[in-house]
Amino acid sequence: MRIDGEAFTTIWPGADGTSINIIDQTRLPHRFEIVSIADVAGAARAIKDMQVRGAPLIGVMAAYGLALAMRADPSDDNLRRASATLAATRPTAVNQQWAIAAMTRLLTPLPPPARFKAAFDRAGEIARDDVALCEAIGVHGLSLIDAIAARKPSGAAVNILTHCNAGWLATVDWGTATAPIYKAHDAGLNVHVFVDETRPRNQGAALTAFELGQHGVPHTVIADNAGGHLMQHGEIDLVIVGTDRTTASGDVCNKIGTYLKALAAFDNGVPFYVAAPSPSIDFSILDGRREIPIEIRSAAEVTHISGLGADGEVATVRLTPKGSAALNPAFDVTPARLVTGLITERGVIAADRAALAKAFPERISLRG
Ligand code: MRU
């Protein structure tokens, strides 16, 4: 995708061949800064502080983090230590566990001197695969948008609601929930996106609005609470969101507030789709509400908010009275029964155990 006309991915190897560059997402949309990551501690910090975020991108960063660890010290001990450090960064998305497991399977049998190059190459492959998975989701999701457009008066906009940022900034490129939108827009379909602001960190207002704007996709930012009202009034044709972890039975864990959107969509007969690349599916669990660890983030994300001041500087201000407690669960679980379908790289499937097992038989036998 492009920023001010220049093609970017969210993560790429540095010219020195030993470091990794990322776009610092804590600075968007008001500042564009590239940060270089040189070691596993930097990779872990970038994930924890959300300079990189979004389940697929966290997975890719973790893979590169292990490669950086292998450059410093390719021993078994360090492989274990680095894996534990990266796994502990954020608990909810399954992607870094998936990436760490894939890297460990590759690296463990190799002699230590061969590990850095193998790890760096494999991390690059995981990044390239992520682009391909997202693009395939785009192709499958496009047919859903196409079908809705065909039922509307000729040329009328298809209105899509999305929550958080499951866009290209959350992946390496394309995004998951946004890939069908970009495909539809590029194919000349009239698509318009309602972007949930996504309190408390405002990934919708800051990141999704930014990337849709950069690509020229018409969009409107709404307060999180507006979605139900718009659905009741026929203003939303479909919802597409991403996922941090989807269970083998189709329960979907995603950014806090997703569940409320699914309830409103269900009540109003609005199709609710989840863009789910296979590394975001956890085939080892069935019950999302009981088995997925929900990250509790700092209360300061609720009590304070940042934005661009009239002086052109980014400032953080307090919203709440000093004495008020605040709680900040970062994700929630939408039960499979509220999900119209999963848009995977292998097609649009039902959010249930049988459909997931049929689409990904090799993952069922691996149980992971
Ligand atoms: O806390 P974040 O910003 O990492 O949360 C991101 C989301 O919840 C996304 O919807 C999800 O990771 C899917 S990204 C393609």
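Notes on the structure in this doc start here.

The next point concerns empty space enclosed by the protein. Where empty space is left can be seen by rolling a probe of water-molecule size over the atoms. For the coordinates displayed, the defined rule picks out two cavities of 30 Å³ or more. Taken as a whole, the largest cavity encloses approximately 200 Å³ of empty space. For the largest cavity, the lining is made up of 23 residues, of which Arg53, Gly54, Ala55, Asn165 and Asp244 are closest to its centre. Elements with a contribution of two residues or more to the lining of the largest cavity: α2 (55-72) and β11 (252-255).

This part is about the state of the cysteines. Scanning the entire structure with this criterion turns up zero disulfides. Cys164 provides the cysteine sulfur closest to Cys134, a residue in no disulfide bond, and the two sulfurs are 14 Å apart. Relative accessible area serves as the criterion here: at 0%, Cys134 is assigned to the buried category. Cys253 carries a free sulfur, and the closest cysteine sulfur to it, the one in Cys164, is 11 Å from it. With a relative accessible area of 0%, Cys253 lands in the buried category.

A word on the site of the ligand. Around the ligand, the surrounding shell holds 19 residues, and the nearest of these are Arg53, Arg90, Asp244, Asn254 and Lys255. One of the side-chain nitrogen or oxygen atoms of Asp244 is found 2.8 Å away from an oxygen atom of the ligand. Between Asn254 and the ligand, the recorded distance is 2.7 Å, taken from a side-chain N or O atom to an oxygen atom. Relative to its free-state accessible area of 410 Å², the ligand is covered by the protein chains to the extent of 100%. In this structure, the ligand is accommodated by the largest cavity. Contributing elements (two or more residues each) for the shell around the ligand: α2 and β11. Formed jointly, the shell around the ligand draws a minimum of three residues from each of two domains, domain 1 (2-128) and domain 2 (137-363).

To continue, consider the side chain of Gln25. With respect to the helices and strands, the residue Gln25 is situated in the loop between β4 (20-23) and β5 (34-37). Look at Gln25 and you get buried, because its relative accessible area is 5%. A polar atom in the side chain of Gln25 sits 3.0 Å from the side chain of Arg53. At 2.6 Å, the side chain of Gln25 and the backbone oxygen of Leu169 are in polar contact. Once residues within four sequence positions are removed from consideration, Gln25 is found in contact with Thr10, Met50, Gln51, Arg53, Leu57, Leu169 and Leu207.

Residues Thr258, Lys261, Ala262, Ala264 and Ala265 constitute the buried set of helix α9 (residues 258-268). The arc enclosing the buried residues of α9, seen along the axis, measures out at 165 degrees, which places them on a common side. Residues of α9 that are exposed and point more than 90 degrees away from the buried face comprise Leu260, Phe266 and Asp267. Looking at the residues trailing α9, positive phi occurs at Gly269, about 65 degrees.

The rules behind the values
Residues numbered from 1 in each chain as written. Predicted model: local features only at pLDDT ≥ 70, side-chain atom pairs only at ≥ 80, totals over all residues. Heavy atoms only, no water. 1 Å grid on protein atoms, 1.4 Å probe; cavity = no way out; pocket = protein on both sides within 12 Å on 5 of 7 lines; lining within 4 Å. Points joined across faces, edges and corners; volume = space filled by probe spheres on them. Helix = DSSP H or I, 4+ residues; strand = E, 2+ residues; numbered from the N terminus. Disulfide = S-S within 2.5 Å. Buried < 20%, exposed > 50% of the residue type's maximum accessible area, 1.4 Å probe, protein only. Near = heavy atom within 4 Å. Polar contact = N/O pair within 3.5 Å; in protein donor to acceptor, adjacent residues only side chain to side chain. Areas by Shrake-Rupley, 256 points an atom, 1.4 Å probe, with all protein chains shown as cover. Sits in = over half its atoms within 2 Å of the grid points. Domains from an automatic or database assignment. Contact = heavy atoms within 4.5 Å. Arc of directions from axis to C-beta.

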